[in-house]
Amino acid sequence: MVFVISIYDDFSTSDVLTWIRSKGETIIRINNYEDIAYMFKCLGEELTNAQSDLMKSVTGVWFRRCPHFVPYPLNNRLDENATANLLYYYKSEHKSLYDYLNSLLSTKRWLNNDETSAPSKIRQLDMAKSFDIMTPEYKIVGNKKSMKSFWEKCNRRSVVKPIQDAHHIPTSKGTFLQFTYLLKESDFNDLPDVFFPCMMQKALDKNIEIRSFFIDGNFFSMGIISTVDKQTCVDFRRYNDIHPNRRIPFQLPKEIEQKLIRLMDSLHLNCGSFDLILDNHGDYYFLEVNPVGQFGMVSYPCNYYLEREIANYLTQQQ
């Protein structure tokens, strides 16, 4: 049996589950806190008994995504303050069940976990340096003076990006997307003197972008030929749907892979999606690793069948 912790609309999770079922394995998939409460209602005796057939049959646990909290429909006669407090209580109780489930499964074979699922991107960059992994020079700035100073230090070639994760922000007029942005001198005219902090990085002389999926000591890498297209040259996620970037299987040098493995060990991760850049001088730069990043974008173009790799890992007998 395999436990899968995810969200209901993550299609990559569903693809992996198809492979797991093809091996004849049973699956318990958790998409939200309500699922956990329901599971304790139905399987409480078996879950809390380490010697039960159910617990003995668990071969692996996959933490894919943090499950959603679904607000409980409360009595609309309650005032706003009471409603807020009851929702907080309800969420707290469900979170306690979720934490308890994690502790019950702690001795099983895990692919990532909740505690290490969102490592700080700034900390990653600092740790990478300690393993002799090249990273772009960066600075956290919150005012125009510091931003312009760093921009000039980088020979007027620097990018701006979120400090942690990019988000899609839906509005009534459409969805706002966040990309890596190459600063122009005219941008400073529209900036206030002080603003919310952001990350600046020195723009690299990029040859290709690399996405590398890592699982249990193995790398599955893809090169993205994004620099020949003005639309994608700074950030390939500005997809050109008419003329898509070429994506090809890629082999990282063993020396680079070994350094990245040491970084993953320090982050207590056994799975994740790396963002790397190979510049025009032949140097490899680390940007980040995302433990819950998308892997279908690497799996399908390169015929890596990563969904099968994950299924094999989760169904191995300990």
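Because the structure is predicted, anything quoted here is derived from the model rather than measured.

**Student:** Could you clarify how one ought to interpret empty space enclosed by the protein in this entry?
**Tutor:** Using the criterion set out here, one finds one cavity of 30 Å³ or more in the structure. Looking at the largest cavity, its volume works out to about 50 Å³. In terms of lining residues, the largest cavity is bounded by W62, F63, R64, N112, F213, C271, P291, V292, F295 and I310. A per-class count over the lining of the largest cavity returns eight nonpolar, one polar and one charged.

**Student:** Even after reading the chapter, I still don't get the sheet that holds strand β6 (residues 158-161), so can you show me in this structure?
**Tutor:** Within a sheet, neighbouring strands are paired by backbone hydrogen bonds and run either parallel or antiparallel to one another. One open sheet holds the four strands; their spatial order is β5-β10-β6-β9, and the pairing between them is antiparallel. With partners counted over all chains shown, the strands left at the sheet margins are β5 (138-143) and β9 (181-182), one partner each. One ladder, built from four bridges, connects β6 with strand β10 (residues 194-202); its direction is antiparallel. When the sheet's bridge partners are listed, K161 is paired in β10 with M199. On the sheet, helix α5 (residues 121-130) packs against β5 and β10 and is oriented at approximately 150 degrees with respect to β5.

**Student:** How should I be thinking about the sheet that holds strand β11 (residues 206-215) in this particular structure?
**Tutor:** Spatial strand order, β13-β12-β11-β14-β15: five strands in an open sheet with antiparallel pairing. Only two strands of the sheet have a single partner each, and these edge strands are β13 (246-250) and β15 (284-290). Ignoring strand direction, the axes of neighbouring strands in this sheet form an average angle of 25 degrees. Sheet topology note: the strand β14 (residues 271-279)/β15 ladder contains six bridges and is antiparallel. Bridging across to β15, D275 finds its partner in E288.

**Student:** Could you clarify how one ought to interpret the environment of P197 in this entry?
**Tutor:** Here P197 lies in strand β10. Judged by its relative accessible area of 36%, P197 falls in the partly exposed class. Measuring from C-alpha to C-alpha, the distance between P197 and K95 comes to 31 Å, with 102 residues separating the pair along the chain. Beyond its immediate sequence surroundings of up to four residues, P197 is in contact with I140, V141, G142 and I163.

**Student:** Explanation requested: the layout of surface pockets in the structure shown.
**Tutor:** Of the pockets and cavities examined, the second largest pocket occupies roughly 450 Å³. Those elements giving two or more residues to the lining of the second largest pocket turn out to be β6 and β10. Here the lining of the second largest pocket gets four residues from one element, more than from any other, and that element is β10. Within the lining of the second largest pocket, the residues separate by chemical class into 15 nonpolar, one polar and three charged.

**Student:** Help me understand helix α1 (residues 11-22), please; the structure alone is not making it clear to me.
**Tutor:** Side chains of residues three or four places apart in an α-helix project in the same direction, reflecting 3.6 residues per turn. In a regular helix each residue adds 1.5 Å, so 12 residues correspond to 16 Å; α1 covers 17 Å between its end C-alpha atoms and thus fits that length. Where α1 is concerned, the buried positions are S12, T13, V16, L17 and I20. In a view along the axis of α1, the buried residues occupy a sector of 140 degrees, so they form one face of it. Opposite the buried face of α1, by more than 90 degrees, sit the exposed residues F11, R21 and S22. Taken from the residues just after α1, G24 is the one with a positive phi, measuring 80 degrees.

Cut-off values and rules
Residues numbered from 1 in each chain as written. Predicted model: local features only at pLDDT ≥ 70, side-chain atom pairs only at ≥ 80, totals over all residues. Heavy atoms only, no water. 1 Å grid on protein atoms, 1.4 Å probe; cavity = no way out; pocket = protein on both sides within 12 Å on 5 of 7 lines; lining within 4 Å. Points joined across faces, edges and corners; volume = space filled by probe spheres on them. Nonpolar A, V, L, I, M, F, W, Y, C, P; charged D, E, K, R; others polar. Pairing = 2+ DSSP bridges. Helix = DSSP H or I, 4+ residues; strand = E, 2+ residues; numbered from the N terminus. Contact = heavy atoms within 4.5 Å. Axes fitted to C-alpha atoms, helices over the stretch in contact; angles between N-to-C directions. Buried < 20%, exposed > 50% of the residue type's maximum accessible area, 1.4 Å probe, protein only. Expected span 1.5 Å × (residues − 1). Arc of directions from axis to C-beta.

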